[in-house]
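Chain by chain, the residues run as shown.
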Amino acid sequence: MEPGAQSPQEVLQAVRRLEADLDAIRARARERARDLDEVRRTIAEDAARERTLLVEDMERLVDLIGSSWRSTHDQIAVLTNEVSALGAEVARLGDFAERTAGSLRDARVELHLGPVNGVHPH
């Protein structure tokens, strides 16, 4: 044989080693692909869970804002009614004060003194 030439047996063993190495590489590649699939699935599940939580948080926020708005609206309505009632009362008091002042303007006071200790005043 020539130097560097290999026997058919050596070539066959080299091919078998190469096939074994390729099988090992393929097996590792399949494991990595399964790992990547698992990571992708986990990321997708986490993203879906986060979206669900975000939507639930937004629903709670909208409910909170809505109830706060309704409460504020109700409080404003009550205050508006109270201010209107107070305004009407102030108007009634103003009318009373004007009538009282008008009647006092024309009023005369007469003082009649009666006897004090049996003595009549002069």
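Above this text is the structure in question.
This text gives an overview of the structure that appears in the document. Note on numbering: residues in each chain are counted from 1, in written sequence order. Per-residue local features are limited, in this predicted model, to residues with pLDDT of at least 70; the limit for side-chain atom pairs, both in listing and counting, is 80 or more; totals at the level of whole chains, interfaces and linings are taken over all residues. Side-chain numbers come from the whole structure's heavy atoms, not from hydrogens or water.

### Let's talk about the pattern of salt bridges
And then number 1: A pairing counts as a salt bridge when a side-chain nitrogen of Lys or Arg comes within 4 Å of a carboxyl oxygen of Asp or Glu. Applying the stated rule across the entire model yields eight salt bridges.
And then number 2: A salt bridge links Arg49 to Asp46; its shortest N-O distance comes to 2.3 Å. One end of the pair, Arg49, and the other, Asp46, are both in helix 1 (residues 8–105), three residues apart, so they sit about a helical turn from each other.
And then number 3: What makes Arg49 partly exposed here is its relative accessible area of 45%.
And then number 4: For Arg60, the salt bridge is made with Asp57, and the minimal N-O distance between the two is 2.4 Å. Here the residue Arg60 and the residue Asp57 both occupy positions in helix 1, the gap between them amounting to three residues, near one helical turn.
And then number 5: A single salt-bridge network, built from bridges that share partners, covers Glu38, Arg41 and Glu45. Strands are runs of DSSP state E lasting at least two residues, helices are runs of H or I lasting at least four, and both sets are numbered from the N terminus onward. Here the term buried applies to any residue with accessible area under 20% of the maximum for its type, exposed to any over 50%, and partly exposed to those in between, with areas from a 1.4 Å probe on protein chains only.

### A short note on a nonpolar patch on the surface
And then number 1: Patch criteria: residues need more than 30% relative accessible area and no salt bridge. Like-charged residues are merged within 9 Å; nonpolar side chains of Val, Leu, Ile, Met, Phe, Trp and Tyr are merged within 5 Å. Using a 1.4 Å probe, the Shrake-Rupley method yields the accessible areas, and only the shown protein chains count as cover for residues. Where nonpolar side chains cluster on the molecular surface, the patch consists of Leu54, Met58, Leu61, Leu64 and Ile65 and spans about 500 Å² of accessible area.
And then number 2: Structurally, the position occupied by Leu61 is in helix 1.
And then number 3: Looking at Leu61, the relative accessible area reads 40%, which means it is partly exposed.

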